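Topology and contacts: notes
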Amino acid sequence: MRLNAYLARAGVASRRGADELIKAGRVRVNSEPGALNTFVEPGDRVELDGRELAPQRLAYVLLHKPAGVVTTARDPHGRPTVVDLVRHESRVVPVGRLDADTTGALLLTNDGPLAHRLAHPRYGVEKVYEVDVEGRPGDAALQDLAKGVELEDGPTAPATARRLAPSRLELTLHEGRNRQVKRMLEAVGHPVRRLHRSRYAGLTLEGLEPGAWRELEPSEVRRLQNR
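Below: a short report on this structure.

Procedures and definitions
Residues numbered from 1 in each chain as written. Predicted model: local features only at pLDDT ≥ 70, side-chain atom pairs only at ≥ 80, totals over all residues. Heavy atoms only, no water. Helix = DSSP H or I, 4+ residues; strand = E, 2+ residues; numbered from the N terminus. Buried < 20%, exposed > 50% of the residue type's maximum accessible area, 1.4 Å probe, protein only. Contact = heavy atoms within 4.5 Å. Areas by Shrake-Rupley, 256 points an atom, 1.4 Å probe, with all protein chains shown as cover. Lys, Arg positive; Asp, Glu negative; His and termini not counted. Charge placed at Lys NZ, Arg CZ, Asp CG, Glu CD. Core = buried A, V, L, I, M, F, W, Y, C linked by side-chain atoms within 4.5 Å. Pairing = 2+ DSSP bridges. Arc of directions from axis to C-beta.

**Remarks on the overall build of the chain**
Counting secondary structure elements, the chain contains seven helices and 15 strands. Burial analysis of the chain (227 residues in total) assigns 44% to the buried set. Residue pairs at least 24 apart in sequence account for 63% of intrachain contacts in the chain once pairs closer than 6 positions are excluded. Split by element, the accessible area of the chain, about 12,000 Å² in all, is 47% carbon and sulfur. Charged side chains of the chain number 36 positive and 31 negative; the gap between the two group centres comes to 0 Å.

**Quick word on the nonpolar core**
V131, L145, L171, L173, V181, M184 and L185 are the most contacted members of the largest nonpolar core, which totals 18 residues. Apart from residues no more than four positions distant in its own chain, M184 is found in contact with L145, V149, L151, T156, L171 and L173. Counting residues in hydrophobic clusters, the runner-up holds 17 residues, among them A105, A201, L205 and L224.

**Considerations on the sheet that holds strand β4 (residues 51-52)**
An order of β2-β1-β3-β4 is seen for the four strands of this open sheet, with the pairing classed as antiparallel. Both edges of this open sheet fall to β2 (32-33) and β4, since each of them pairs with a single strand only. Bridge analysis of strand β3 (residues 46-48) against β4 gives two bridges, and the strand direction is antiparallel. Each bridged residue has a counterpart across the sheet, and for E47 the counterpart in β4 is E52.

**Looking at the pairing of strand β12 (residues 168-173)**
Among the six residues in β12, five count as buried, and that is most of the element. Where strand β11 (residues 160-165) lies against β12, five bridges are found, and the strand directions are antiparallel. Looking at the pairing, A165 lines up with R168 of β12. Where β11 folds back onto β12 in an antiparallel hairpin, the turn is made up of two residues.

**Examining the environment of P94**
Structurally, the position occupied by P94 is in strand β6 (residues 93-94). Remark: the alpha-carbon pair of P94 and A115, spanning 21 residues in sequence, is separated by 8.4 Å. The contact partners of P94, leaving out residues within four places of it in the chain, are T71, T72, V82, V83, L106, L107 and L108.

**Observations concerning helix α7 (residues 218-225)**
Each turn of an α-helix holds 3.6 residues, which means side chains three or four residues apart point in the same direction. Along α7, the residues classified as buried are E220, V221 and L224. Here the buried residues of α7 occupy an arc of 100° about the axis, which is enough to place them on one side. Turned more than 90 degrees away from the buried face of α7 sit P218 and R223, all of them exposed. Each element contacted by the buried residues of α7 is listed here: β5 (60-65), β7 (103-109), α4 (112-119), β14 (203-204) and β15 (213-215).

Okay, structure coming up:
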């Protein structure tokens with residue numbers, strides 16, 4: 001395991017923060033100064049400021065994110081964060097982002113390789129949203145959403161769009177661009193009033209109230225790893 005990943009697993013910093021600790025000379029591996037290209041093998045002794053570290057256990061958490069909470073580990077403006085809500089013994093961080101006013105399913109983990117795969121567009125992880133919009137989208141708008149919408153950063157991939165109520169849609173995406181759902185709905189003339197992610201990578205919020213979280217079952221973790 002690369003040294004910065006080991007430090008992240010030990011819960012002392014993010015990988016970027018771990019790089020700074022390594023460059024500052026505060027990390028030693030088997031009594032030798034660690035470097036950015038150092039790899040940690042089983043049985044190695046890793047120390048930070050003279051204190052021996054050990055990796056935390058891998059953790060996988062599903063949060064029902066409420067509105068008004070930012071998807072980050074810390075916020076310079078003092079707003080509540082998703083990490084504040086998840087009081088877990090392991091240091092877990094969010095996979096991807098939801099806007100502060102967006103609610104719904106959010107996965108947090110300290111499994112870096114899995115988080116990378118889930119967040120990378122090439123893996124096409126399914127995300128299902130319930131969207132309240134301005135106006136009443138007609139069949140033409142739904143067809144445009146399904147075919148793909150031209151945005152400033154290029155056309156979106158085909159999506160699944162269906163009407164739940166006159167001004168409420170369900171949209172299923174396999175991409176993860178910044179503010180993608182809001183931009184797609186604006187492009188077809190129906191700006192978003194409320195956005196909720198009801199499902200992520202097959203995980204639903206059944207039994208979870210806003211602000212509540214749970215650990216994934218081993219079978220759920222295996223499904224994510226086998227995607």
